[in-house]
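Survey of secondary and tertiary structure
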Amino acid sequence: MLFKLFKKDSGHFQERGDRLFAENRFAEARHEYEEALNRLKEGTTDAAEQKNYLQQQLRAAGNGLAQLNLVEAEHAMQLGDPQKAKEHVDLALGQADDETIRGNARQLLSRMVQKEPQTPSIPMKNHSCNGCGSTHDQLSQDAEAPIDFLSLNDRFELLIHPLPGDLPDRYRQLGEEFAYAYTAVHDGRVAEGLEIFHKLSAQGESDILNYEVALITFQEGRFKECESLLRRALSLNPQNALCLLTLVQLVIETGRVPEAVPILEGMIADGHLPDQASLMLADVLMALGQSDAALDRCLQALGYPSAARAAAERAIPILESMGRGGDAQALAKRYLKGCC
């Protein structure tokens, strides 16, 4: 049938991945290699060899991304932003397979610890998924522009790579002008980026554009405008987990803590960043004085590998306050021992 002529097999995505890898577009290359692996037909003559190649290329692309993140970390340190530098180092450690790169990342962390602390910026709370978040640093109109050692595409890819789910692809689809504005905002050139966001919104509204403008209004303390933008974004796309998390932060920031509970419960039920939503819900319940319910949420969050350590750290003091020292010790032994 005709549709078979256009069906994209594993080799198609492998070729695209190789082309992107050759151009040092490592985040996009990883996406193509992962798609190639998903479409690989096991049992065919060359399947084992192709699978080995794709896995090798995934590791190499991860190492390439890690190297770029270390460059960004060095840049952030030069600009006096240790928090942003640490975020990039953490990303590099999560991406790198090569021990030399991981060693360089650890050395950079050590330098950051030894360095005289700077006055920290005040970003929105970072709800990343292994470094997936889309928060902006403290907004400053006169922030220094980035030095030109990475292309716009490379910087944009580094910034959107940690975003959860299909958001990296959706951000790419908004085009080069959006990429420029998004990068500008992250570099502190907020007015420039915001002007472009408004221009793009006038051409066609989207939940992403509303969300990005909402982040700026949040950090400028314009909470009513922020909430309006977030709710408009969610009306366009109720599945945008970052909008939901930011709405949770907003209601907490404006003293409406109980309103966060149903939002977080809905996120968990619908599978929208359930690991981070579970941790946040535990914190909210503790703030509301509901320690038993908070403990239940912590114990449920232990089922998410990405949240297990943080969940244990929250659960242990609650258990100790309840006189359940043995249970607290068991959690510490299982989830905290040997972690760095």
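Structural data are supplied above this passage.
What comes next is a walk through the structure. Note that the coordinates shown come from a computational prediction; the quantities given were computed from them, not determined experimentally.

1. A few points about the overall build of the protein
In terms of regular secondary structure, the protein is built from 18 helices and zero strands. Per-residue burial over the protein gives 46% buried out of 340 residues. Counting every atom, the protein has about 17,400 Å² of accessible surface; 50% of that belongs to carbon and sulfur.

2. Description of the side chain of Arg-30
Relative to the helices and strands, Arg-30 is located in helix H3 (residues 26-39). Comment: no salt bridge for buried Arg-30; closest opposite-charge side chain is Glu-34, at 4.9 Å. Beyond its immediate stretch of four places on either side in the chain, Arg-30 contacts Leu-58, Ala-61, Gly-62, Leu-65, Gln-95 and His-161.

3. Focus on helix H13 (residues 241-253)
For H13, built from 13 residues, the straight-helix expectation of 18 Å at 1.5 Å per residue is met to within 8% by its first-to-last C-alpha distance of 18 Å. Along H13, the residues that are buried comprise Ala-241, Leu-242, Cys-243, Leu-244, Leu-245, Thr-246, Leu-247, Val-248, Gln-249, Leu-250 and Val-251. Taken together, the buried residues of H13 touch helix H8 (167-172), helix H11 (207-219), helix H12 (223-236), helix H14 (260-270) and helix H15 (274-287). Where H13 begins, the side chain of Asn-240 points an oxygen toward the backbone nitrogen of Leu-242, at a separation of 3.1 Å. At the exit of H13 stands Gly-255, carrying a positive phi of roughly 75°.

4. As for the pattern of salt bridges
Under the definition given, this model contains 22 salt bridges. Glu-259 is the partner of Arg-256 in a salt bridge, and the nearest nitrogen-oxygen pair spans 3.1 Å. We classify Arg-256 as partly exposed; its relative accessible area is 23%. Taken together, the shared-partner salt bridges connect Glu-72, Arg-155, Asp-187, Arg-189 and Glu-192 into one network.

5. Examining helix H7 (residues 152-160)
Most of H7 is tucked away: seven of the nine residues are buried. In the core, the buried residues of H7 are packed alongside H3, helix H4 (47-78), H8 and helix H9 (176-186).

6. Details of the environment of Asp-207
Here Asp-207 lies in helix H11. C-alpha of Asp-207 to C-alpha of Leu-229: the two residues are 22 residues apart in sequence and 8.8 Å apart in space. In contact with Asp-207, other than residues within four places in its own chain, are Arg-170, Ala-233, Leu-236, Asn-237, Asn-240 and Cys-243. In terms of polar contacts, Asp-207 uses its side chain to reach the side chain of Asn-237, at 3.1 Å.

7. Overview of the state of the cysteines
Here the structure, examined in full by the defined rule, presents zero disulfides. Lacking any disulfide linkage, Cys-243 is separated from the closest cysteine sulfur, that of Cys-226, by 9.4 Å.

8. Regarding the packing of aromatic side chains
Taken as a whole and assessed by the stated rule, the structure comprises seven aromatic pairs. A centroid spacing of 5.7 Å and a plane angle of 90° characterise the contact between Phe-156 and Tyr-182, whose relative ring orientation is edge-to-face. Placement of the pair is Phe-156 in helix H7 and Tyr-182 in helix H9, with a sequence separation of 26 residues. For Phe-156, a relative accessible area of 4% gives the class buried.

9. Focus on the packing of H15 against helix H17 (residues 308-321)
One way to put it is that H15 packs onto H17 with a least axis distance of 10 Å and a crossing angle of 25°. As judged from the angle between their axes, H15 and H17 are roughly parallel. Seen from above, H15 lies across H17 with left-handed handedness. Facing H15, whose interface residues are Leu-279, Asp-283 and Met-286, H17 presents Ala-310, Ala-311, Arg-314 and Ile-318. Residue classes in the contact of H15 with H17 are distributed as five nonpolar, no polar and two charged.

Basis of the calculations
Throughout, a residue's number is its position along its own chain's written sequence, starting from 1. Where local features are concerned, this predicted model is filtered to residues with pLDDT of at least 70; where side-chain atom pairs are given and counted, the filter is 80 or more; whole-chain, interface and lining totals use all residues. Excluded from the side-chain calculation are hydrogens and water; included are all heavy atoms of the structure. Helix and strand labels come from DSSP, where a helix needs a run of H or I of at least four residues and a strand needs a run of E of at least two; each type is numbered from the N terminus. Relative accessibility thresholds used throughout: buried, under 20% of the residue-type maximum; exposed, over 50%; partly exposed, between the two (1.4 Å probe, protein chains only). Only the protein chains shown count as cover for residues, with accessible areas throughout obtained via the Shrake-Rupley method and a probe of 1.4 Å. For the purpose of counting charges, residues Lys and Arg are taken to be positive, whereas Asp and Glu are taken to be negative. His and the chain ends are not included. Salt bridge, as applied in this entry: a Lys or Arg side-chain nitrogen positioned within 4 Å of an Asp or Glu carboxyl oxygen. Any two residues whose heavy atoms approach within 4.5 Å are treated as being in contact. What a helix should span is 1.5 Å times the count of its residues minus one. Here a polar contact means two N or O atoms within 3.5 Å. Within protein one must be a hydrogen donor candidate and the other an acceptor candidate, and residues neighboring in sequence count only if both atoms are side-chain atoms. Cysteine sulfur atoms are paired as a disulfide whenever they come within 2.5 Å of each other. In this analysis, rings of Phe, Tyr and Trp, with Trp reduced to its six-membered ring, are considered paired at centre separations within 6.5 Å, and the interplanar angle assigns stacked below 30 degrees, edge-to-face beyond 60, and tilted for intermediate values. Only C-alpha atoms enter the line fits that serve as axes; for helices the fit covers just the stretch in contact. Angles between N-to-C directions range over 0 to 180 degrees. Between 65 and 115 degrees an angle is taken as roughly perpendicular, under 35 as roughly parallel, over 145 as roughly antiparallel, and anywhere else as oblique. Helix crossings fall into two classes, left-handed where the near helix is turned counterclockwise from the far one by less than a right angle and right-handed where it is turned clockwise. Note on residue classes: Ala, Val, Leu, Ile, Met, Phe, Trp, Tyr, Cys and Pro are nonpolar, Asp, Glu, Lys and Arg are charged, and everything else, Gly too, is polar.

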